[in-house]
Amino acid sequence: MAMNLMAAANPRAIACGAFPASASANSKLLQFSSLQFPLGLRNQRRNPTLRRRGLSLVASSEHSASSFHELLRNSEKPVLVDFYATWCGPCQFMVPILEEVSTSMEDKLQVVTIETEKHPLIADKYEITALPTFILFKDGKPCDRFEGAMAADKFIRRIETSLKDNQ
């Protein structure tokens, strides 16, 4: 029996029972990963007035996963990674907050953003299932993870607490 498209693209989806074994290869559900919003709806929801992200975007080349992991291993400071999507409202809410964090903590922390739809392998590796997701890396390894939008002061306190606890 031929393997369906989703099983070829994401064997975990079948193993976890995300789709019934009898799912048709022509099913519209099979066209989307767990991190993608249907293209037709995404284009309708996109707001052209949303601010563009001004932080350093890693992983713009074919070797994105390796350059991202190299950055994590070689960074002298802890790295805060923001996993986001352009269609995600809470992700857009966090843009000015991340800019504030990047500016106020630039001597203690490096902030990096990863667009999950452009870099699904990186998102899959860190099991990103909610957006926005923030992972704080120290010495190349995750030391804290939190999800969702939050106020700037609470966000900064959370980062500072994590950095202090993991010294």
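Refer to the preceding data block for the structure.
In this report, the structure presented in the accompanying data block is examined.

## Description of the overall build of the protein chain
Working step 1: Summing up its helical and strand segments, the protein chain has eight helices and five strands in all.
Working step 2: Of the regular secondary structure in the protein chain, the N- to C-terminal order runs α-α-α-β-α-β-α-α-β-α-β-β-α.
Working step 3: When each of the 167 residues of the protein chain is scored for burial, the buried share is 39%.
Working step 4: With an accessible surface of roughly 10,200 Å², the protein chain has 52% of that area assigned to carbon and sulfur atoms.

## Description of the packing of aromatic side chains
Working step 1: Enumeration according to the criterion identifies seven aromatic pairs in this entry.
Working step 2: With a centroid separation of 6.3 Å and 85° between ring planes, the pair formed by Phe68 and Phe137 is classed as edge-to-face. With Phe68 in helix 4 (residues 64-74) and Phe137 in strand 4 (residues 133-138), this pair connects stretches of sequence that are 69 residues apart. Of the two residues, Phe68 and Phe137, neither departs from the other in class, the shared state being buried.
Working step 3: The interplanar angle of 40° and the centroid separation of 6.2 Å between the aromatic rings of Phe83 and Tyr126 together place this pair among those described as tilted.

## Quick notes on the environment of Ser66
Working step 1: Relative to the assigned elements, Ser66 resides in helix 4.
Working step 2: You can call Ser66 partly exposed: its relative accessible area is 43%.
Working step 3: Each C-alpha atom of the pair Ser66 and Ile122 lies 9.6 Å from the other, and the pair is 56 residues apart in sequence.

Parameters and conventions
Residues numbered from 1 in each chain as written. Predicted model: local features only at pLDDT ≥ 70, side-chain atom pairs only at ≥ 80, totals over all residues. Heavy atoms only, no water. Helix = DSSP H or I, 4+ residues; strand = E, 2+ residues; numbered from the N terminus. Buried < 20%, exposed > 50% of the residue type's maximum accessible area, 1.4 Å probe, protein only. Areas by Shrake-Rupley, 256 points an atom, 1.4 Å probe, with all protein chains shown as cover. Phe/Tyr/Trp six-rings, centres within 6.5 Å; stacked < 30°, edge-to-face > 60°.

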